[in-house]
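Commentary on secondary and tertiary structure
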Amino acid sequence: MMMLDWTRRAACLDLDPELFFPISLEGPSQSQVERAKSVCHRCPVREPCLEYALATRQAYGVWGGTDPEQRRELSVAGLPRESVPAQPLRGGR
């Protein structure tokens, strides 16, 4: 079971989760993606968040300062990761 204690220290904890799950990654939504990433860049738990997203193969949203395309690139470039079932996070993140 993956420990999710880090979520209690996340910079996004009290923000609207919709900021991190834009409708698309293009057009007007790109500014939303950039705002979400800016929250991540100042987050003290950015690394465990990204590790969680990669381990659970999160296909949507901004996690650990990355968008889905960036995470796919990291997954391809990195070593094969063990598939871990996603666990719901507080606030649906």
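Check the entry above for the structure.
Residues numbered from 1 in each chain as written. Predicted model: local features only at pLDDT ≥ 70, side-chain atom pairs only at ≥ 80, totals over all residues. Heavy atoms only, no water.

**A few points about the overall build of the chain**
Assigned secondary structure in the chain consists of three helices and zero strands. Element order for the chain, N to C, with α for helix and β for strand: α-α-α. Relative to its full complement of 93 residues, the chain shows a buried share of 38%. A sequence separation of at least 24 residues applies to 59% of the contacts in the chain between residues at least 6 apart. Only carbon and sulfur atoms are counted for the fraction: they give 56% of the accessible area of the chain, which is about 6200 Å². (Helix = DSSP H or I, 4+ residues; strand = E, 2+ residues; numbered from the N terminus. Buried < 20%, exposed > 50% of the residue type's maximum accessible area, 1.4 Å probe, protein only. Contact = heavy atoms within 4.5 Å. Areas by Shrake-Rupley, 256 points an atom, 1.4 Å probe, with all protein chains shown as cover.)

**Notes on helix 1 (residues 29–41)**
Spanning 13 residues, helix 1 covers 18 Å between terminal C-alpha atoms, matching the ideal 18 Å at 1.5 Å per step. Taken as a whole, helix 1 has its buried residues at Ser29, Gln32, Val33, Ala36, Lys37, Val39 and Cys40. Angularly, the buried residues of helix 1 cover 155° about the axis, an arc narrow enough to put them on a single face. Turning to helix 1, the residues buried within the fold contact helix 2 (46–55) and helix 3 (68–77). (Expected span 1.5 Å × (residues − 1). Arc of directions from axis to C-beta.)

**Quick word on helix 2**
Among all positions of helix 2, only Cys49, Leu50, Tyr52, Ala53, Leu54 and Ala55 are buried. Taken together, the buried residues of helix 2 touch helix 3. Downstream of helix 2 by a residue or two, arginine 57 has a phi angle that is positive, lying close to 55°.

**Let's talk about the nonpolar core**
Residues Trp6, Phe20 and Val62 are the most contacted members of the largest nonpolar core, which totals 17 residues. At the level of secondary structure, the elements contributing two or more residues to this core comprise helix 1 and helix 2. Among the elements that make up this core, the one with the highest residue count is helix 1 (four residues). With residues near it in sequence (within four places) discarded, tryptophan 6 still touches Val45, Pro48, Cys49 and Tyr52. (Core = buried A, V, L, I, M, F, W, Y, C linked by side-chain atoms within 4.5 Å.)

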